[in-house]
Amino acid sequence: MQKPRTILGLFFLLTLAVLLLFLWDISSGAVAIPIRDVWNGLTSTSHNSSWDYIVLDYRLPKAITAILVGMGLSVSGLLMQTLFRNPLAGPYVLGLSSGSSLGVAFVLMGASLVPPHLAIYLQSPYSIILASCLGSLLVLLAVLLVAQRLKDTMSILVVGLMFGSFSSALVAVLSYLSSAEALQRFTFWSLGSLGNLSWNSIAILGSCVAIGLLLSLATLKALNALLLGENYAKTLGIRYTQTKYLVILGTAILAGSITAYVGPIAFIGLAVPHMAKLIFQTSQHQLLFVATLLLGAAVLLLCDVLTQLPGSDIFLPINAITSLIGAPIVIYLLVKKQHR
């Protein structure tokens with residue numbers, strides 16, 4: 001474990017990195033805006049009304065969304081890896097992402113399979129968000145129902161993967177039966193996007209992330225004990241069943257709400273907890289909780305910056321960038337851990 005002074009220094013550097021990447025993310029884009037003018041636009045009104053519009057109505061919501069998504073996915077990944085004692089566990093390991101994808105696939109690709117008077121309701125702008133939430137909620141309820149009968153944590157992990165596979169199979173059937181236009185819309189949704197949220201949507205997403213983080217905070221002490229095994233944690237008076245359900249519920253709220261609003265974002269929840277453990281060299285979840293919050297926000301802000309091709313108005317999908325960065329990091333960390 002790092003020395004206390006070193007830990008404070010790392011937290012300061014991470015906080016500074018989040019602030020700088022936040023400003024950089026807002027300043028970069030098809031129209032480059034100097035960071036000084038970005039700061040003026042955020043704190044007051046700059047001399048360029050078009051820049052104010054770009055900053056306040058488009059780039060600021062996108063940057064705030066990146067911070068919320070990075071924090072939520074990173075913390076939920078940390079909870080899953082500790083609960084299942086599996087370094088490859090992530091926020092979507094319970095099949096929540098597949099459930100959300102199934103709900104969205106039904107809205108986008110299943111409209112032609114239902115009567116016309118019902119298909120009208122699927123054209124609402126909120127239908128995708130509602131369907132995504134319902135899909136992840138149904139998978140969550142199914143996992144919790146099975147978890148009541150299974151005491152083994154690894155069995156719950158397998159059940160979550162099976163629900164995910166079942167949902168993915170139904171999505172494949174809908175993809176095969178859908179039109180090319182509907183399939184294209186679903187493909188674009190699955191690539192993820194941080195830039196399509198209104199301020200009302202950001203407020204709802206922020207509330208869901210806050211609730212999920214508060215539930216996560218309540219489990220940190222128990223998660224420290226679980227590192228030494230389930231039986232040892234019970235001898236310390238840890239209520240394992242209650243902790244398990246709190247972790248699953250907190251992860252479901254975080255991963256489900258994030259997927260509903262921005263689509264499935266890969267590798268953030270898997271890679272960032274490993275990065276935090278490597279940097280801080282500790283297994284104390286009180287420290288790792290704050291570390292993953294800051295590091296997750298910084299990493300996703302950086303990924304959002306990299307989606308913009310230099311000198312071009314073309315934006316790459318956020319999921320492509322997170323996968324290109326996250327996959328090598330996970331491989332490197334696992335190889336390094338094996339050498340240790």
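Here the structure is a predicted model, which means the values were calculated and not measured.

The rules behind the values
- Residues numbered from 1 in each chain as written.
- Predicted model: local features only at pLDDT ≥ 70, side-chain atom pairs only at ≥ 80, totals over all residues.
- Heavy atoms only, no water.
- Helix = DSSP H or I, 4+ residues; strand = E, 2+ residues; numbered from the N terminus.
- Rg over C-alpha atoms; globule rule 2.2 N^0.38 Å.
- Buried < 20%, exposed > 50% of the residue type's maximum accessible area, 1.4 Å probe, protein only.
- Contact = heavy atoms within 4.5 Å.
- Areas by Shrake-Rupley, 256 points an atom, 1.4 Å probe, with all protein chains shown as cover.
- Lys, Arg positive; Asp, Glu negative; His and termini not counted.
- Charge placed at Lys NZ, Arg CZ, Asp CG, Glu CD.
- Phe/Tyr/Trp six-rings, centres within 6.5 Å; stacked < 30°, edge-to-face > 60°.
- Lys NZ or Arg CZ within 6 Å of the ring centre and 35° of its normal.
- Patch = residues over 30% accessible without salt bridge, like charges linked within 9 Å, V, L, I, M, F, W, Y side chains within 5 Å.
- Salt bridge = Lys/Arg side-chain N within 4 Å of Asp/Glu carboxyl O.
- Core = buried A, V, L, I, M, F, W, Y, C linked by side-chain atoms within 4.5 Å.
- Polar contact = N/O pair within 3.5 Å; in protein donor to acceptor, adjacent residues only side chain to side chain.
- Arc of directions from axis to C-beta.

A. Expanded view of the overall build of the protein. Regarding its fold elements, the protein presents 15 helices and 0 strands. Relative to the globule expectation of 20 Å for 340 residues, the C-alpha radius of gyration of the protein, 21 Å, shows essentially globular dimensions. Its C-alpha atoms put the protein at 65 × 60 × 35 Å along the principal axes. Put simply, the protein has 340 residues, and 50% of those count as buried. Sequence-distant contacts in the protein: of pairs separated by 6 or more residues, those separated by 24 or more amount to 76%. Within the structure as shown, the protein displays about 16,700 Å² of accessible surface, and the carbon and sulfur contribution to it stands at 68%. Positive and negative side-chain charges in the protein, numbering 17 and 9 respectively, have mean positions lying 22 Å apart.

B. Here's a closer look at unusual backbone geometry. Even without a glycine there, the phi angle at Phe267 is positive, about 70 degrees. You can see Phe267 is positioned in the loop between α12 (240-262) and α13 (268-280). You can call Phe267 partly exposed: its relative accessible area is 28%. Even without being a glycine, Gln281 presents a positive backbone phi close to 50 degrees. Position of Gln281 relative to the elements: it lies in the loop between α13 and α14 (285-306).

C. How the structure looks around the packing of aromatic side chains. All chains considered together, the criterion is met by 2 aromatic pairs. Lys244 extends its terminal NZ or CZ atom over the ring of Tyr245, reaching a point 5.5 Å from the ring centre.

D. Quick peek at the environment of Leu309. Looking at where Leu309 falls in the secondary structure, it is placed in the loop between α14 and α15 (318-339). Remark: the alpha-carbon pair of Leu309 and Gly29, spanning 280 residues in sequence, is separated by 8.4 Å. With residues up to four places along the chain from it excluded, the contact list for Leu309 reads Ile314 and Leu316.

E. Representation of a nonpolar patch on the surface in the model. Taken together, the side chains of Phe12, Leu13, Leu16, Leu19, Leu20 and Trp39 make up a nonpolar region of the molecular surface, amounting to roughly 620 Å² of accessible area. Of the residues forming the nonpolar patch, the biggest block, 5 residues, is contributed by helix α1 (residues 4-27). Topologically, Leu20 is positioned in helix α1.

F. Region of interest: the pattern of salt bridges. All told, the structure shown has 2 salt bridges when counted by the stated rule. In this structure, the salt-bridge partner of Asp25 is Lys62, at a minimum N-O distance of 3.8 Å. On the criterion of sequence distance, the pair formed by Asp25 in helix α1 and Lys62 in helix α3 (residues 49-83) is long-range, its members being 37 residues apart. The class of Asp25 is buried, set by a relative accessible area of 2%. For Lys62, a relative accessible area of 7% puts it in the buried group. Linked through salt bridges whose partners overlap, the residues forming this network are Asp25, Lys62 and Asp304.

G. Just the nonpolar core, in detail. Within the largest apolar cluster, 83 residues are counted, with the highest numbers of intra-cluster contacts made by Phe84, Leu94 and Leu300. With near-sequence residues (within four places) excluded, Leu300 lies in contact with Ala66, Val69, Gly70, Leu194, Ile265, Ile268, Ile318 and Thr322. In terms of nonpolar packing, the next biggest core, distinct from the first, is built from 11 residues, Ala105, Ala131, Leu174 and Phe186 among them.

H. Broad picture of the side chain of Ser28. With respect to the helices and strands, the residue Ser28 is situated in the loop between α1 and α2 (35-43). Within the structure, Ser28 has its side chain in polar contact with the backbone oxygen of Asp25 (distance 3.4 Å). In contact with Ser28, other than residues within four places in its own chain, are Arg59 and Val305.

I. Broad picture of the environment of Ala17. Among the structural elements, Ala17 can be located in helix α1. Sequence-wise, Ala17 and Lys234 are 217 residues apart; in three dimensions their C-alpha atoms are separated by 39 Å.

J. Structural view of helix α8 (residues 180-190). Listed as buried for α8 are Ala182, Phe186 and Trp189. In a view along the axis of α8, the buried residues occupy a sector of 55 degrees, so they form one face of it. Away from the buried face of α8 by more than 90 degrees, exposed residues Ala180, Glu181 and Phe188 are located. Contact partners of the buried residues in α8: α4 (96-109), α6 (127-147), α7 (153-177) and α12. One or two positions beyond α8, positive phi appears at Gly192, with a value near 80 degrees.

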